Amino acid sequence: MNTRFLKLSEALIIIIVILLCLLIIFLRNGNNGKSAIISINGKTAAVIPLSKESEHFSVKGADNIFFTVHNGCIYVDSSDCTDKICMKTGKINKCGESIICLPKKVSVTISDSTENTDVIVG
Amino acid sequence: MFLKFFSFKIIVIPALMISLFSCSMPSEVKNNSSEIFVMDTMCSISTDSKQASAEVSSALKDMNTAFDSCGEKGEAFRLNKKRSAKCSDYLCGLINDSMRLSAAYSDNVEISSGAVTLLWKEAGKSLKLPKQSETKDALASIGDNLICTDGNNISLSDGCKIDTGAFAKGYALDKCKDILDKSKCKSAVISMTSSVLLYGEKSDGSDFNVQIRNPDGNGFLGTVNVKSCFLSTSGGYERFFTIDGKNYCHIIDLSTGYPSESDLTSVTVFCQSGILSDYLSTLIFIGGTKNINRFLSSDDFKVAAFDKNGKSYISRNLDFKAV
């Protein structure tokens, strides 16, 4: 009889389970705390958490430009601006990345300064 | 021995999984989050109860109509026009609570100030300064004594108009708290940009973390850790207009009848009443740095204020960290 506390195979199973859990944590928390800050004319108009499931929305003060949050990314899905650069930028999700729509003076930036933040006031 | 190992695995592995899974649960209430546009701002509602969120959202929409003094459909707008009306419980409650505060603290901020504040709202739209005589006339029709309440019947005398601006969001959050108290909700954050309700306790028991936005648009002034409370911020922020190169703030100083020229840029008040936090943040902002010291030592509320030179004025016992 094997008197070792753990058999090699058992240790392996436990390690695999731990790795699986870590992977799940990583997937679930990957975008937690990250937010898209939508500014109009340089002033913050909305702060949207990227942890949202999926959402299609517009922001007051920015007409005819629509954003979508999906899978932890944000992108502009339609805009009636002239150059459509905002749409061409595509999806962003990394801290510091941005989408700019010059004709509309709208910008979207990703910030993780909201990490552990429950609310922003002002 | 085999049995022993087997049971060991059965117990340890699921325990490990459960503990790790629970770590990965978000610590804040994010599961029932929604955003609605009310009271000229985006209001985000996050609670741990779907039903509570729905009730709060519906109440906020009703209050949005009740407190609106600018839109044709607004109840406050209609009251200003009709001069006398039977009002909703929401509007009556707001008017009564705000008059109580102005009587207790200072009449520098009053709900009866509509004649002046709405005059400046108009100026902000047309970008034309009101005539001096207009401002003077408007100042004469300010005074909570010009509002007569009899049950739900409210009448306004002389030229008095109500402007709910300095009270509405805070009062609305008070009503939201009443709804949450009756619900199963244990933790919630309801944010109307400048006024916030932090409700209950976070699941991990930690304090709520609040970031105060820098009025110049660049990042944050600092973070505050607080337990459940109401907080409101007043400041120049984005709501100002420019005529002939001069910036006019959206907060009107009733002692002059002109937009406030406060040397403060941002004032946040933390307390256990929504309407008090909303009212006091405006009052302290208008008062400027020369009046701020007497507000910093109160037991009823805490203040984090900042002036034009970046100097901060923080109440004792407020867990504030500058950025």
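Every value quoted in this text rests on a predicted model; they were computed, and no experiment measured them.

Participant: I tried to follow the sheet that holds strand β5 (residues 153-156) of chain B on my own but got confused; where do I start?
Facilitator: Sheet strands associate in pairs through backbone hydrogen bonding, adopting either a parallel or an antiparallel arrangement. All names here are of chain B. Strand order in the open sheet made by the three strands is β3-β5-β4, with antiparallel pairing throughout. Edge strands, defined here as strands with exactly one partner in the open sheet, are β3 (84-86) and β4 (147-150). The sheet shows a mean angle of 15 degrees between the axes of neighbouring strands, taken without regard to direction. In this structure, β3 lies alongside β5, joined through three bridges in antiparallel fashion. Within β5, the position partnered with S84 by the bridge is S155. This element, helix α4 (residues 89-104), spans β4 and β5 of the sheet and lies at about 125 degrees to β4.

Participant: Would you mind going over the pairing of strand β5 (residues 73-79) of chain A with me for this structure?
Facilitator: Taken residue by residue, a regular strand's side chains alternate between the two faces of the sheet. All names here are of chain A. As paired strands, strand β4 (residues 62-70) and β5 are joined by six bridges and run antiparallel to one another. Pairing of F67 across the sheet is with V76, part of β5. With antiparallel pairing between neighbouring strands as the criterion, β4 and β5 make up a hairpin whose turn holds two residues, including N71 at a positive phi of roughly 50 degrees.

Participant: I tried to follow the sheet that holds strand β1 (residues 35-40) of chain A on my own but got confused; where do I start?
Facilitator: Residue and element names in this part refer to chain A. A sheet is described by the order of its strands in space; here four strands give the open sequence β2-β1-β7-β6, paired in antiparallel fashion. Each end of this open sheet is capped by a strand with a single partner; those strands are β2 (43-49) and β6 (98-101). Strand-to-strand twist in this sheet, taken as the mean axis angle between neighbours without regard to direction, amounts to 20 degrees. Examined bridge by bridge, β1 and strand β7 (residues 106-111) share six bridges and lie antiparallel to one another. Paired with I37 across the strands is T109, a residue of β7.

Participant: Is there a simple way to explain the environment of B:L254 in this structure?
Facilitator: Residues and elements named next belong to chain B. Tracing the sequence through the fold places L254 in the loop between β13 (252-253) and β14 (258-259). Sequence spacing of L254 and V109 is 145 residues, and the spatial spacing of their C-alpha atoms is 6.9 Å. Setting aside residues up to four positions removed in sequence, L254 forms contacts with D107, N108, V109, E110, S113, L139 and I142.

Participant: Is there a simple way to think about the confidence of the model for chain A in this case?
Facilitator: For any part of a model where pLDDT is low, the fine detail of the predicted coordinates should not be relied upon. Mean pLDDT over chain A stands at 81; residues scoring 70 or higher make up 85%. Per-element confidence in chain A ranges from a low mean pLDDT of 81 for helix α1 (residues 8-29) of chain A to a high of 92 for β5(A).

Participant: I would appreciate a short explanation of the pattern of salt bridges in the present structure.
Facilitator: A pair can form between side chains of opposite charge whenever their charged atoms are brought close. Residue and element names in this part refer to chain B. Applying the stated criterion across every chain, the model contains nine salt bridges over all chains. Notably, a salt bridge pairs K177 with D181, separated by 3.4 Å at the nearest N-O pair. With K177 and D181 both in helix α7 (residues 168-182) and four residues apart, this pair spans about one turn of that helix. With a relative accessible area of 43%, D181 lands in the partly exposed category. One salt bridge in this structure joins K246 and E261, with 3.0 Å as the shortest N-O distance. Taken together, the residues K246 in strand β12 (residues 246-249) and E261 in the loop between β14 and β15 (264-271) connect sequence positions 15 residues apart. Here E261 falls in the exposed class, since its relative accessible area comes to 60%.

Participant: Hey, could you run me through a nonpolar patch on the surface in this one?
Facilitator: Residues and elements named next belong to chain A. On the surface, L12, I16, L20 and L23 cluster together to form a nonpolar patch covering roughly 380 Å² of accessible area. Secondary-structure assignment places L20 in helix α1. Given a relative accessible area of 46%, L20 falls into the partly exposed group.

Rules and cut-offs
- Residues numbered from 1 in each chain as written.
- Chains lettered and ligands numbered in written order.
- Predicted model: local features only at pLDDT ≥ 70, side-chain atom pairs only at ≥ 80, totals over all residues.
- Heavy atoms only, no water.
- Pairing = 2+ DSSP bridges.
- Helix = DSSP H or I, 4+ residues; strand = E, 2+ residues; numbered from the N terminus.
- Axes fitted to C-alpha atoms, helices over the stretch in contact; angles between N-to-C directions.
- Contact = heavy atoms within 4.5 Å.
- pLDDT = per-residue confidence, 0-100.
- Salt bridge = Lys/Arg side-chain N within 4 Å of Asp/Glu carboxyl O.
- Buried < 20%, exposed > 50% of the residue type's maximum accessible area, 1.4 Å probe, protein only.
- Patch = residues over 30% accessible without salt bridge, like charges linked within 9 Å, V, L, I, M, F, W, Y side chains within 5 Å.
- Areas by Shrake-Rupley, 256 points an atom, 1.4 Å probe, with all protein chains shown as cover.

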